[in-house]
Amino acid sequence: MCLIATNSELHELMREWRKDIHAHPETAYEEHRTAEKVAELLRSFDLQVHTGMAVTGVVATLKGDLPGSYCIGLRADIDALNLQELNSFAHKSRHQGKMHACGHDGHTSMLLGAAKYLSEHRNFAGTVVFIFQPAEEGEAGAKMMLDEGLFKQFNVDAIYGMHNWPGLAQGKFVVHSGPVMASMDLFDITISGQGCHGGMPHLGTDPIMVAGQLISALQSIVSRNVDPLHSAVVSITQMHGGEAYNVIPDSVTLSGTCRAFSEEQRVQIHSQMTQIVTNICAAFGATGELDYRSVAPSTVNHPQNTKICSDVISQLVGDQNLLLEEAPSMGSEDFAFMLLEKPGAYIWIGNGSMEGGKGLHNPHYDFNDQVLALGANYWIALTQDQLV
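To start, this report covers the structure provided alongside it. Predicted model only: the values in this text are computed from it and were never measured. (Residues numbered from 1 in each chain as written. Predicted model: local features only at pLDDT ≥ 70, side-chain atom pairs only at ≥ 80, totals over all residues. Heavy atoms only, no water.)

A few points about the nonpolar core
Basically, it comes down to this: The set of buried Ala, Val, Leu, Ile, Met, Phe, Trp, Tyr and Cys residues whose side-chain atoms join them within 4.5 Å is what this entry labels a nonpolar core. Each residue is assigned to one of three classes by its accessible area relative to the maximum for its type, calculated with a 1.4 Å probe on protein chains only: buried under 20%, partly exposed between the two thresholds, exposed over 50%. A run of H or I in DSSP counts as a helix once it spans at least four residues, and a run of E counts as a strand once it spans at least two, with each numbered from the N terminus. Any pair of residues with heavy atoms lying within 4.5 Å of one another is described as a contacting pair.
Among the nonpolar cores identified, the biggest contains 62 residues, and L42, F130, F132, Y160, F173 and Y378 are the most heavily contacted of them. Sort the elements by how many residues they give to this core and helix α11 (residues 372-386) lands first, with nine residues. Residue contacts for F130: discarding those within four places in its chain leaves L47, V58, V59, A60, L62, L74, L111, A115 and L118. Core analysis: the next-biggest nonpolar cluster, separate from the first, contains 29 residues, Y29, A142, F154 and F335 among them.

Quick word on the environment of Y245
Relative to the elements of secondary structure, Y245 occurs in the loop between β10 (232-240) and β11 (247-248). C-alpha of Y245 to C-alpha of G198: the two residues are 47 residues apart in sequence and 7.4 Å apart in space.

Considering the side chain of S298
Turning to its location among the elements, S298 is positioned in the loop between β13 (287-296) and β14 (299-300). Not counting the four nearest positions on each side in its chain, S298 is found in contact with P179, M181, A182, S183, A260, F261 and A336.

What about the pattern of salt bridges?
So the rule is basically this: Any Lys or Arg side-chain nitrogen found within 4 Å of a carboxyl oxygen on Asp or Glu counts as a salt bridge.
All chains considered together, the criterion is met by 17 salt bridges. Salt bridges sharing common partners tie together R18, D105, D366 and D369.

Thoughts on the packing of aromatic side chains
Inclusion rule: Centre distance within 6.5 Å is the pairing criterion for rings of Phe, Tyr and Trp, where only the six-membered ring of Trp is used; planes under 30 degrees apart are then read as stacked, over 60 as edge-to-face, and the remainder as tilted.
Per the counting criterion, the structure on display carries five aromatic pairs. Each ring, one from W17 and one from F45, has its centre 6.1 Å from the other, and the planes form 45°; the classification is tilted. Of this pair, W17 sits in helix α1 (residues 9-23) while F45 sits in the loop between α2 (32-44) and β1 (48-53), placing them 28 residues apart in sequence. Across the pair, F45 and W17 agree in class, each one buried.

Focus on the sheet that holds strand β8 (residues 184-192)
Operational definition: What makes two strands pair is DSSP finding at least two bridges between them. Where helices are involved, their axes are fitted lines through C-alpha atoms of the stretch in contact, as for all axes, and angles between N-to-C directions lie from 0 to 180°.
Judged by pairing direction, the sheet is antiparallel, and its four strands sit side by side in the order β10-β12-β8-β13 without closing on themselves. The open sheet has two free edges, formed respectively by β10 and β13, since each of these has just one partner strand. When strand polarity is set aside, the average angle formed by the axes of neighbouring strands in this sheet is 20°. The pairing of β8 with strand β12 (residues 251-260) spans eight bridges and is antiparallel. Each residue of the ladder has a partner; that of S192, found in β12, is S251. Its contacts with the sheet put helix α6 (residues 207-218) on β8, β10 and β12, and the angle it makes with β12 is roughly 10°.

Notes on the sheet that holds strand β4 (residues 125-133)
With mixed pairing, eight strands are arranged side by side in an open sheet as β1-β2-β4-β3-β5-β16-β6-β15. Each of the sheet's edge strands pairs with one partner strand only, and the pair in question is β1 and β15 (322-323). Taken together, the two bridges between strand β6 (residues 173-174) and strand β16 (residues 344-350) define a ladder with antiparallel strand orientation. Within the sheet, the bridge partner assigned to F173 lies in β16 and is I349. Strands β5 (158-165), β6, β15 and β16 of the sheet are contacted by helix α9 (residues 303-317), whose axis makes an angle of about 35° with β16.

So, the packing of α1 against α11
Note the threshold: Comment on the angle field: the value is read as roughly parallel under 35 degrees, roughly antiparallel over 145, roughly perpendicular from 65 to 115, and oblique elsewhere. Here the nonpolar group is Ala, Val, Leu, Ile, Met, Phe, Trp, Tyr, Cys and Pro; Asp, Glu, Lys and Arg are the charged ones; every other residue, Gly included, is treated as polar.
Direction vectors running N to C along α1 and α11 enclose 105°, while the axes themselves pass 9 Å from each other. Taken together, the axes of α1 and α11 are roughly perpendicular relative to one another. Between α1 and α11, the contacting residues are H11, M14, R15 and R18 on the first element and L372, A373 and A376 on the second. In terms of residue class, the contact of α1 with α11 is built from four nonpolar, one polar and two charged.

Some points on α9
Since there are 3.6 residues in each turn of an α-helix, residues three or four apart along the chain are aligned in direction. Cut-off, in case you're wondering: By definition here, a helix of n residues has an expected span of 1.5 Å times n minus one.
In this model α9 runs 21 Å from its N-terminal to its C-terminal C-alpha over 15 residues, within 8% of the 21 Å that 1.5 Å per residue would give. Restricting attention to buried positions, one finds in α9 the residues N305, T306, I308, C309, S310, V312, I313, L316 and V317. Structurally, α9 contributes buried residues whose contacts are with β5, β6, β15, β16 and α11. Of the residues flanking the end of α9, it is G318, one or two places downstream, whose phi is positive at about 90°.

What about unusual backbone geometry?
For A135, which is not glycine, the phi dihedral falls at a positive 55°. Tracing the chain through its elements places A135 in the loop between β4 and α4 (141-147). Positive phi, close to 55°, is recorded for A140, a residue that is not glycine. By the element assignment, A140 lies in the loop between β4 and α4. A140 sits in the buried class, given a relative accessible area of 16%.

As structure tokens, this is what we get:
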């Protein structure tokens, strides 16, 4: 099956859109240029376009020529990362400290390509809702769109998402049954002691020493409390404290992230972290304050929709290019919020080799333009399969 041919005119258009978006990256809720470009293109395809949801979100609807009431939503994320790009090609980022290092430029262009094709081939029944979501990178743009009435205004029967996956060969897809991506929680721990002269530590309470004990103790949550057959992560990624060589500071801050695949594990991690922070700090005469924030739940596919995606992909590229047993990722995805409200599924499309540091969130990353047509064809095939 080949709906948009590789290197066809539409594929070349998608390349142009993708490189333009890549060169002008915008981060959470500031994707004004990107949103304007997306909305302008969608209007040129003769779609009904709605803007301004979650500040910079764009939603467009397309009705098929055949009678039908079923409605599906297709979602792409549009935001970039706060990261300095280290590539040197012509379409590298023109915005200092911002970069499309996760492929959202490609996701946006694939969905635009599918929208253009479907607008010209409306031989389907029902409605497609194209959702271009801002602020996926840790800022819960999906939740804001939902809170502002996304599924009340656009009452889809099912919702679908897709992410490129470096390290997965070009031409292949992964469909998970159950969890796809982990939950994402963030934390800040403030350890308060009593500052003093570095040469007279007995006159104070050293929060840096307490922090060292706490770092070790927090690792016991996963190693000694989470079931070994389940996966979870507690990572401390920042440590701040002190300003001078000869002064023990009053306080130290530890920050990091926790990941899990079930709400039970999330609750367990939070509870045990609270106990450890309180008790370890108290044991050394300090106090500990934990600020624990839930950003996104685990992304979990619905069984029926998983089967739908698997069947569509099998027909599109053959069983040999469909992987069903790949492990889920400890990365997170706020598409999870949409799957809590509507049935659906989230799949991975191969982006090719990671050699040369071309993994996600890497300053050398670039989306593989060769898969643009295939990604758009998946969206088109899924639409034609469901809207019959």
